[in-house]
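# Chains, contacts and geometry: an overview
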Amino acid sequence: MARTLAMFTDTSLCIGCRACQVACKQWNELGMETPQWTGTYQNQPHFTDQTYRLVRFVEEARPTGELAWLLMSDVCKHCAQAGCLEACPTGAIYRTQYGTVDIKQDVCNGCRYCVSSCPFGVVAFDKTAGTAKKCTFCNDRIQNGLGPACAKACPTESIQFGFRDDLVAKAQKRVEALKGMGFRDAQLYGADSKGFLGGLNAFFLLLSKPSTYNLPDSPKVPQRNVVADSLLSIASGVLVGLGALLAFRGRGQGGGDA
Ligand code: SF4
Ligand code: SF4
């Protein structure tokens, strides 16, 4: 496999211009959508089959009582352990040689297992095409030596594209610099390849805790929860059975003494 490619989104640099969202739509020929009122400037509440990149606008109350805008250009995380890929029964979702996660539209059978298996709610079902849709990291552009359209369009370099190891080192330095500037909650999300989901190939620098951005603190592949839950159920069943057996034997012995 080639060296893993990644996108590092530094939310501290985002100005909410949505150039990334527009560039994504343009390159991927995604249609217009009627904006939905979300209570903020965010124009869709979730990813859709026509929105693969979504700029989130979050208001955070500060201890002083002031409100702060937190902006985050969100996208498929191209997880090292990808729930969508593990759930796909046809092999339509696959890992590229760059470590990213793509969908072969002509192999997708529209079963939607991937939709419910993404811990981030990224995959959307396209009713017209009858297939699952999400960000491909602009695989067609990457194959031709171009970066993803969103990263190219971002005027502030909030979205950076490159080799994962280089970007992680850069991101770590940026966190330290921000902490030095007084951003005490600055942190990386998904950069650690020993952390949740084996690390995210689209990782983020956040200025507050993940839940502020509606991100799970410790996302898991849902199928693995099912295995753990099943083992727990089996163990509980065995314990209940053992308890019943002991009670039965106890009663039998009590009856013999009488
Ligand atoms: S974020 Fe969701 S859709 Fe993207 S690779 Fe991870 S599991 Fe798949
Ligand atoms: S293009 Fe860059 S600055 Fe503009 S919304 Fe997207 S990430 Fe933020």
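Preceding block: the structure.
Reading the values: the criteria
Each chain carries its own residue numbering, running from 1 in the written order of its sequence. Working convention: letters from A go to chains and numbers from 1 go to ligands, in the order in which they are written. pLDDT decides what is reported in this predicted model: residues at 70 or higher carry local features, side-chain atom pairs at 80 or more are listed and counted, and totals for whole chains, interfaces and linings draw on all residues regardless. Hydrogen atoms and water are omitted, and side-chain values are computed over all heavy atoms in the structure. Each helix is a run of DSSP H or I of at least 4 residues and each strand a run of E of at least 2, with the numbering of both proceeding from the N terminus. Multiplying 1.5 Å by the residue count of a helix minus one yields the expected span of that helix. Working definition: with a 1.4 Å probe on protein chains only, accessible area under 20% of the residue-type maximum means buried, over 50% means exposed, and in between means partly exposed. Each C-beta atom gives one direction from the helix axis, and the arc is the one those directions make. Contacts were defined at the residue level, with two residues in contact if any of their heavy atoms lie within 4.5 Å. The set of buried Ala, Val, Leu, Ile, Met, Phe, Trp, Tyr and Cys residues whose side-chain atoms join them within 4.5 Å is what this entry labels a nonpolar core. Two strands qualify as a pair provided that DSSP identifies no fewer than 2 bridges between them. We call a residue near a molecule or strand when any one of its heavy atoms sits within 4 Å of it. Here the nonpolar group is Ala, Val, Leu, Ile, Met, Phe, Trp, Tyr, Cys and Pro; Asp, Glu, Lys and Arg are the charged ones; every other residue, Gly included, is treated as polar. By the criterion applied in these results, polar contacts are pairs of N or O atoms within 3.5 Å in which, for protein atoms, one can donate a hydrogen and the other can accept it, and in which residues neighboring in sequence qualify only through two side-chain atoms. For every element, the axis is a line fit to its C-alpha atoms; helices are fit only across the contacting stretch, and the angle between N-to-C directions ranges from 0 to 180 degrees.

### A closer look at helix α6 (residues 164-180)
- In this model α6 runs 24 Å from its N-terminal to its C-terminal C-alpha over 17 residues, within 8% of the 24 Å that 1.5 Å per residue would give.
- Within α6, burial applies to Arg164, Leu167, Val168, Ala171, Val175 and Leu178. The buried residues of α6 occupy one face: seen down the axis, they fall within an arc of 100 degrees. Exposed residues lying more than 90 degrees from the buried face of α6 are Lys173, Glu176 and Gly180.
- Turning to α6, the residues buried within the fold contact β1 (5-10), β8 (159-163), β9 (187-189) and β10 (202-206).
- Looking one or two places after α6, you find Gly182, whose phi comes out positive at around 105 degrees.

### Here's the deal with the nonpolar core
- Counting residues in each nonpolar core, the largest one holds 61 residues, and the members touching the most others are Phe120 and Phe203.
- Elements with a contribution of two residues or more to this core: β1, α1 (19-27), β2 (54-61), β3 (67-74), β5 (101-103), α5 (149-153), α6 and β10.
- Filtering out sequence-adjacent residues up to four positions away, Phe203 remains in contact with Ala6, Met7, Phe8, Thr9, Arg164, Leu167, Val168, Ala171, Tyr189, Gly190 and Ala191.

### Focus on the pairing of β10
- Of all five residues making up β10, five are buried, and the element is well covered by its neighbours.
- Here β10 shows a buried face lined by Ala202, Phe204 and Leu206 and a second buried face lined by Phe203 and Leu205.
- Two strands pair when backbone bridges link them, and β1 and β10 are joined in this way by four bridges, in the parallel orientation. Note on β10: the bridge partner recorded for Met7 is Ala202.
- Where β9 lies against β10, three bridges are found, and the strand directions are antiparallel. Paired with Tyr189 across the strands is Phe204, a residue of β10.

### Considering the site of ligand 2
- In the vicinity of ligand 2 lie 14 residues, with Cys14, Cys17, Arg18, Cys20 and Cys154 positioned nearest.
- Per-class residue counts for the shell around ligand 2 are nine nonpolar, four polar and one charged.

### Here we look at the site of ligand 1
- By nearness alone, 14 residues border ligand 1, and Cys76, Lys77, Cys79, Cys84 and Cys118 come closest of all.
- Looking at side-chain class alone, the shell around ligand 1 contains 10 nonpolar, two polar and two charged residues.

### Examining the side chain of Lys25
- Mapped onto the fold, Lys25 is located in helix α1.
- Within polar-contact distance, the side chain of Lys25 engages the side chain of Glu33 at 3.0 Å.
- With near-sequence residues (within four places) excluded, Lys25 lies in contact with Leu30, Gly31, Met32, Glu33, Gln50 and Thr51.

### As for the sheet that holds β8
- On the basis of which strands lie adjacent, the open sheet formed by four strands has the order β8-β1-β10-β9 and mixed pairing. Every interior strand has two partners, whereas the edge strands, β8 and β9, have only one. On average, each strand axis in the sheet is inclined to that of its neighbour by 25 degrees, with strand direction left out of account.
- Across five bridges, β1 lies against β8 in antiparallel orientation. Its bridge partner lying in β8, Leu5 is registered against Phe163.
- Lying over the sheet, α6 contacts β1, β8, β9 and β10, oriented at roughly 135 degrees with respect to β8.

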